[in-house]
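Given next are the chains, with one letter for each unit.
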Amino acid sequence: MNIDNTIDITDVVCPVTYVKVKVELEDMEPGQVLSVRLNSGDAMQNVPRSLKNDGHRVFDVTDNEDGTYTILVERGQDD
Amino acid sequence: MADANFKELKKGGFMKQKQKDRFSMRLKTIGGQVTIQQLETIRHVAGTYGHGYIHLTSRQGIEIPFIALEDIDTVKKELAKGGVQNGVCGARLRTITACQGNAVCPSGLIDTQHIAKECEARYGGREFPAKFKIGITGCPNNCLKTEENDLGIKGGIEPQWHHDDCIFCGLCQAVCPSSAITVNKKEKTLSFSKDQCIFCGKCVTTCPTSAWTGQAGYNVSLGGLYGKQITIGRHFLPLLHSEDELYRVIDVVLDFFESHAKPGERFARTVERIGWDKVEQLVREVL
């Protein structure tokens, strides 16, 4: 698995969580992979859904069993 | 208005205050939405005939306190001119509450505002042996606390999983609040426990490959109360998939309440007295 970039958003709360992910993805190329570490609960409920709405694709989820998850996101095409 | 009929006034949304001949005037709102034209009218009336403030009620309504008895007719006329109607109090179908629903909220699964308007048109102000409250919320986040209402309507989705579209990423398991989904990433299997599903639709809205789909519907609860006595509304109906079905259920419930309730008896108490099985049977007959 090629991971092009990683970000940890466990230190912020919604809506900053998604804003940080969005900013990170903007600097990446379509098809590249971003690894995101995020808190269970609100962040996990909202960030993957927002990624979908913006045309990015989550393809792997790992439960870190410490109250956080790591998701792998393939950056979508620009509109 | 020397011979004020307080009962008539209450019917029209005038709540008698402890101060002599002063009324807190309840205005009609549907689903908690007020236009700026209405706000300007309300501002004018509260400033001219009230004490320069309004009170926001617990059911998304507005009251203008300190309206004098002699001003009631003028106030009614001025409000009507500005597109504001009086609310209702007493033994009637009360203000219908609703969240913003799927027209605005990313979590919304149903058009709560549309349902609220339709319910108001069909049932608003209808007289009963006791008050009856309807509340509508767009999804299982339940911002509008539907189970507090005599009849609650909550948006939901009954999800269906499509094996061929699934990449077994595990996202649905992670977002499912009721642990109804288990994904085995290694063996590429998924199990779904329908009994545990709360119709929240998180799997459908987050699935990156649309392997989860589902039709939105209405999850109805009955018999909620949140006053001197507290009862949580019960869910025993399947998710209703059409508006027609929803109104047939509401019709049956309201007719039952109208014909069986004792004066002042709330719906939950009526049903407890006569039997939940009777109501369930009546409702199932129209589905």
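Whatever comes next refers back to the structure up there.
The model shown is predicted, which means the values in this text are computed figures rather than measured ones. (Residues numbered from 1 in each chain as written. Chains lettered and ligands numbered in written order. Predicted model: local features only at pLDDT ≥ 70, side-chain atom pairs only at ≥ 80, totals over all residues. Heavy atoms only, no water.)

A.B. asks: I'm lost on the sheet that holds strand β2 (residues 22-26) of chain B in this one. Help?
C.D. replies: What links the strands of a sheet is backbone hydrogen bonding, and the strands pair in either a parallel or an antiparallel sense. All names here are of chain B. With antiparallel pairing, 4 strands are arranged side by side in an open sheet as β1-β2-β4-β3. Edge positions in the sheet fall to β1 (14-16) and β3 (55-56), since each of these pairs with one other strand and no more. Direction of pairing for β2 relative to strand β4 (residues 62-68): antiparallel, over a ladder of 4 bridges. Paired with Arg-26 across the strands is Glu-63, a residue of β4. Most of the contacts of helix α3 (residues 72-81) go to β2, to which it runs at about 20°, and overall it touches β1, β2 and β4. (Pairing = 2+ DSSP bridges. Helix = DSSP H or I, 4+ residues; strand = E, 2+ residues; numbered from the N terminus. Contact = heavy atoms within 4.5 Å. Axes fitted to C-alpha atoms, helices over the stretch in contact; angles between N-to-C directions.)

A.B. asks: Sorry, what's going on with the sheet that holds strand β6 (residues 134-137) of chain B here?
C.D. replies: Residues and elements named next belong to chain B. The strand order across the open sheet built from 5 strands is β5-β6-β7-β10-β13, with neighbouring strands paired in mixed fashion. Each end of this open sheet is capped by a strand with a single partner; those strands are β5 (97-98) and β13 (234-235). Pairing geometry for β5 and β6, over 2 bridges, is parallel. Pairing of Ala-98 across the sheet is with Ile-136, part of β6.

A.B. asks: Looking at this model, I keep getting lost on the pattern of salt bridges. Mind explaining?
C.D. replies: When the charged atoms of two side chains with opposite charge come close together, those side chains can pair. A complete count under the given rule lists 19 salt bridges over all chains for this structure. Note that Lys-28 of chain B is salt-bridged to Glu-120 of chain B, the shortest N-O span being 3.0 Å. With a gap of 92 residues between them, Lys-28 of chain B in the loop between β2 and α2 (36-48) and Glu-120 of chain B in helix α4 (residues 112-123) connect regions that are remote in the sequence. On the basis of relative accessible area, Glu-120 of chain B is assigned to the buried category, the value being 15%. The salt bridge involving Arg-92 of chain B is made with Glu-127 of chain B; its shortest N-O contact spans 3.3 Å. One end of the pair, Arg-92 of chain B, is in the loop between α3 and β5; the other, Glu-127 of chain B, is in the loop between α4 and β6, and 35 residues separate them in sequence. You can call Arg-92 of chain B buried: its relative accessible area is 11%. The structure contains a network of salt bridges with shared partners spanning Asp-8, Arg-37 and Asp-66 of chain A. (Salt bridge = Lys/Arg side-chain N within 4 Å of Asp/Glu carboxyl O. Buried < 20%, exposed > 50% of the residue type's maximum accessible area, 1.4 Å probe, protein only.)

A.B. asks: For this particular structure, what's the right way to read the layout of surface pockets?
C.D. replies: A water-sized probe, rolled over the atoms, reveals where empty space remains. All names here are of chain B. Counted as a void, the largest pocket has a volume near 600 Å³. Arg-59, Lys-131, Lys-133, Tyr-226 and Arg-266 are the residues nearest the centre of the largest pocket, which is lined by 26 residues in total. Partitioning the lining of the largest pocket into residue classes produces 5 nonpolar, 10 polar and 11 charged. Roughly 240 Å³ of internal volume is contained in the second largest pocket. Lining the second largest pocket are 14 residues, and of these Lys-28, Thr-29, Ile-30, Gln-33 and Gln-38 lie nearest its centre. Of all the elements in the fold, those that place two or more residues in the lining of the second largest pocket are α2 and α4. Residues belonging to the lining of the second largest pocket are distributed by class as follows: 5 nonpolar, 7 polar and 2 charged. (1 Å grid on protein atoms, 1.4 Å probe; cavity = no way out; pocket = protein on both sides within 12 Å on 5 of 7 lines; lining within 4 Å. Points joined across faces, edges and corners; volume = space filled by probe spheres on them. Nonpolar A, V, L, I, M, F, W, Y, C, P; charged D, E, K, R; others polar.)

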